[in-house]
Amino acid sequence: MIGPQELAFMGKGLLWTLALTAMGFAGGILFGFLVALARVSPIRWLSALARAWIAVFQGTPLLMQLFVVYFGLPLLGLNPPAWVAVAAALTAHASAFLGEIWRGAIQSVPKGQSEAAHALGLRYRARMMDVVVPQALRLSLPATIGFLVQLIKGTSLAAIVGFIELARAGQIVSNQTFKPLLVFGLVGLMYFMLCWPLSLWGKAMERRLAIGQTR
Amino acid sequence: MAVNLDFGVVLERWPELARGTLATIGLAIAGMVLAMVIGVAGVAVLRSRSRVGRIVVRAFVELIRNTPFLVQIFFIFFALPLAGIRLSPTVTAILALGLNGGAYAIEIIRGGVEAIPPGQTEAGLALGLQPGDVFRRIILKPALRSVYPSLVSQFVMLTLTTSIATSISAYELTSVAQRIDGDTFRTFEVYFTITLIYLAVSWLMMTLFAALSRRVFAYPTR
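Residues numbered from 1 in each chain as written. Chains lettered and ligands numbered in written order. Predicted model: local features only at pLDDT ≥ 70, side-chain atom pairs only at ≥ 80, totals over all residues. Heavy atoms only, no water.

## As for the overall build of chain B
Just so we agree on the cut-off: What counts as a helix is a DSSP run of H or I of at least four residues, what counts as a strand is a run of E of at least two, and both are numbered from the N terminus. Residue burial is assigned from relative accessible area. The probe radius is 1.4 Å, only protein chains are included, and a residue is buried under 20% of its type maximum, exposed over 50%, and partly exposed in between. Contacts are residue-level and defined by heavy atoms, with any inter-residue pair within 4.5 Å sufficient. Positive: Lys, Arg. Negative: Asp, Glu. His and the chain ends are not part of the count. Just so you know, the charge point we use is NZ for Lys, CZ for Arg, CG for Asp and CD for Glu.
Scanning chain B from terminus to terminus reveals nine helices and zero strands. Each helix and strand of chain B, placed in order from N terminus to C terminus, yields the pattern α-α-α-α-α-α-α-α-α. With the C-alpha coordinates of chain B rotated into their principal frame, the extents come out at 75 × 45 × 30 Å. The proportion of buried residues among the 222 residues of chain B is 47%. For chain B, the proportion of contacts with a sequence separation of at least 24, taken over those separated by at least 6, is 78%. Put simply, chain B has 19 plus and 12 minus side-chain charges, and the middle of one group is 15 Å from the middle of the other.

## A word on the nonpolar core
So the rule is basically this: Each nonpolar core is a collection of buried residues, namely Ala, Val, Leu, Ile, Met, Phe, Trp, Tyr and Cys, held together in the definition by side-chain atoms within 4.5 Å.
With 110 residues, the main nonpolar core has Val86(A), Leu17(B), Ile109(B), Leu151(B), Ile194(B) and Met205(B) as its most contacted residues. When near neighbours in sequence (up to four residues on either side) are disregarded, Val86(A) contacts Leu20(A), Leu66(A), Tyr70(A), Ala158(A), Val161(A) and Phe163(A).

## Let's talk about empty space enclosed by the protein
All names here are of chain A. The condition that has to hold: In this analysis a 1.4 Å probe is tested at points of a 1 Å grid over the protein atoms alone, and where it fits but cannot get out there is a cavity; an open set with protein on both sides within 12 Å along at least five of seven lines is a pocket; lining residues have an atom within 4 Å of a point. Grid points are joined across faces, edges and corners, and a volume is the space filled by probe spheres set on the points.
One pass over the structure, following the stated rule, counts one cavity of 30 Å³ or more. Of the volumes computed, that of the largest cavity is approximately 40 Å³. Put simply, the parts of the chain that give the lining of the largest cavity at least two residues each are helix H1 (4-39), helix H4 (82-108) and helix H6 (124-154).

## Quick look at the UniProt feature "transmembrane region" (unreviewed entry) in chain A
Residue and element names in this part refer to chain A. Just so we agree on the cut-off: UniProt positions are given in the numbering used here, feature names are shortened, and annotations may be inferred rather than shown by experiment.
Mapped onto the present numbering, the UniProt feature "transmembrane region" (unreviewed entry) falls at residues 14-40, 52-76, 82-102, 136-161 and 181-201. Across residues 136-161, helical content stands at 73% and strand content at 0%; the span's end C-alpha atoms are separated by 36 Å. In residues 181-201, the share of helix is 100% and the share of strand is 0%. The end C-alpha atoms are 30 Å apart.

## Things to note about the packing of helix H2 (residues 14-46) of chain B against helix H5 (residues 89-114) of chain B
All names here are of chain B. We apply this condition: Here an angle of 0 to 180 degrees is reported between the N-to-C directions of two axes, which are lines fitted to C-alpha atoms, with helices fitted over the stretch in contact. Any angle from 65 to 115 degrees is called roughly perpendicular, while one under 35 is roughly parallel, one over 145 is roughly antiparallel, and all others are oblique. Put simply, a crossing is left-handed when the front helix is turned counterclockwise from the back one by less than a right angle, and right-handed when it is turned clockwise. Lys, Arg, Asp and Glu make up the charged group, whereas Ala, Val, Leu, Ile, Met, Phe, Trp, Tyr, Cys and Pro make up the nonpolar group; the residues left over, Gly among them, are polar.
Contact geometry for H2 and H5: axes closest at 6 Å, N-to-C directions at 45°. By the angle class used here, H2 and H5 are oblique. As H2 runs across H5, the sense of the crossing is right-handed. Of the residues that constitute the contact of H2 with H5, the class distribution is 18 nonpolar, seven polar and one charged.

## What to know about the packing of aromatic side chains
What counts, and what does not: Each aromatic pair joins two rings of Phe, Tyr and Trp (for Trp, the six-membered one) with centres within 6.5 Å, and gets the label stacked for planes under 30 degrees apart, edge-to-face for over 60, and tilted for any other angle.
By the definition in use, this model includes 17 aromatic pairs over all chains. Of the aromatic side chains, those joined through ring pairs into one cluster are Phe67(A), Tyr70(A), Phe71(A) and Tyr191(B).

## Focus on the UniProt feature "domain: ABC transmembrane type-1" (unreviewed entry) in chain B
The feature "domain: ABC transmembrane type-1" (unreviewed entry), as given by UniProt, occupies residues 21-209 of chain B in the numbering adopted here. Each end of residues 21-209 of chain B is marked by a C-alpha atom, and these two atoms are 18 Å apart; helix forms 83% of the span and strand 0%.

## A closer look at the pattern of salt bridges
Should the charged atoms of two oppositely charged side chains come close, the side chains can pair. Rule in force here: Within this document, salt bridges are pairs made up of a side-chain nitrogen of Lys or Arg and a carboxyl oxygen of Asp or Glu, the two lying within 4 Å of each other.
Under the definition given, this model contains 11 salt bridges over all chains. A salt bridge links Glu16(B) to Arg179(B); its shortest N-O distance comes to 3.8 Å. Here Glu16(B) is found in helix H2, whereas its partner Arg179(B) is found in helix H8 (residues 173-184), with 163 residues between them in sequence. Residue Glu16(B) is classed as buried on the basis of its relative accessible area of 18%. Owing to a relative accessible area of 41%, Arg179(B) belongs among the partly exposed residues under this scheme. Sharing partners across several salt bridges, the network here consists of Lys203(A), Glu62(B), Glu107(B), Arg110(B) and Glu114(B).

## Quick look at the packing of H8(B) against helix H9 (residues 187-216) of chain B
Residue and element names in this part refer to chain B. Closest axis-to-axis distance for the H8/H9 pair is 9 Å, and the angle between their directions is 160°. The angle between H8 and H9 falls in the class roughly antiparallel. Considering only the axes of H8 and H9, their crossing is right-handed. Residues Leu-173, Thr-174, Ala-177, Gln-178, Ile-180, Asp-181 and Thr-184 of H8 form the contact with H9, whose participating residues are Thr-187, Val-190, Tyr-191, Ile-194, Ile-197 and Tyr-198. Of the residues that constitute the contact of H8 with H9, the class distribution is eight nonpolar, four polar and one charged.

## Points about helix H7 (residues 131-161) of chain B
Put simply, the rule is: Take the number of residues in a helix, subtract one, and multiply by 1.5 Å to get its expected span. Note on bend: the value at a residue is the angle between axes fitted to the seven residues ending there and to the seven starting there.
The first and last C-alpha atoms of H7(B) sit only 36 Å apart over 31 residues, clearly below the 45 Å expected at 1.5 Å per residue. The largest bend in H7(B) is about 60°, located at Val147(B), with the proline Pro149(B) one to four residues further on.

## A few points about the side chain of Asn66(B)
What counts here: Here a polar contact is recorded for every N or O atom pair within 3.5 Å, except that within protein the pair must consist of a potential hydrogen donor and a potential acceptor, and residues adjacent in sequence are included only if both atoms are side-chain atoms.
Along the chain, the position of Asn66(B) falls in the loop between helix H3 (51-65) and helix H4 (69-82). Using a relative accessible area of 1% as the deciding quantity, one classes Asn66(B) as buried. A polar contact is formed between the side chain of Asn66(B) and the side chain of Ser199(A), at a distance of 2.5 Å. Every residue in contact with Asn66(B), bar those within four places of it in the chain, is listed here: Val149(A), Lys153(A), Tyr191(A), Phe192(A), Cys195(A), Trp196(A) and Ser199(A).

Next comes the structure, spelled out in structure tokens:
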């Protein structure tokens, strides 16, 4: 059977999963915002750069992104602890996905809003920050929560580079106890308890927004 | 700071990389076919009168969508032998990809089917078509057409997910890369190279799906 020691070990893994998710999401919010603004910017090279950034991260496996950052940072003379490398990769990944989600939201704010702000004499910065972005954020909330669920699940791939988060902790305990079904069932249950409430919340919000839009 | 890169020793192994790429594409296509079958069957059950069936399908969708693929593939890999079923890592990977992709396909196709006006079904039945034909021709095909873009991006995602099959030692591009890395110690170069290959494969998939949609959905809608 798995005892309190194994459970404590998996609990520690769970905390790392939460920490990695929090770091990736916080970094993703910060840089994703910049990516979204660059993507809708009238400056052409800036929007092309943002488009390329999004295309690369959406067109390659998260596992490869982890590998390239994890093994690439030492080549640049940087030797951060493993969690920093994983968090950096997750941040870059999240920035591309959140950037694209928010780009869609920014562009789905009716054009008249921006035009009205323009007519009132607001400059680009004020037009974006005070008129378009606040409305876009509301529209993008369900998709953002959906991505948070993806990110929680995505942190499990850190297990493949050897980082001990929940999935890797489960793998280790499974190898020690020869109870793969029990252990992976438990690990799956823990992820489910994290993700399911978020999924339900996102869905409920989506329904509310859909009602709001038909008026 | 001198960055010392050597792509030569990696590119020398191109025949292995090419075989790995083909294996990845094969895994992805097999997974997609299974996912499509599960997706359509799941939606058919959701529309059926079987209450138990509907609950099972809904539970399956929620369970798959809220747990990581890595944990799913491990679970399947260890569960099946206990049930006396021995499958190769490749077949296990296809099964895992199909089940995972299937759950998302059910969600996507259900959305499309719900958007078809009920009058369409009634009109089909009034014309004397069998219920099965009504579902296939009048509901499913237009629904698939309208959710096609979401299905495509889901399937491109599935293609990228095949890389995780390396965790159960299935043969595909990432496992080939791990072997080359073990031989050459050119870790960064190997993974950088196959990242570019994955980018090309996902671009290829999108191009093929766009071409396919022009053939399959080439009929007027209004």
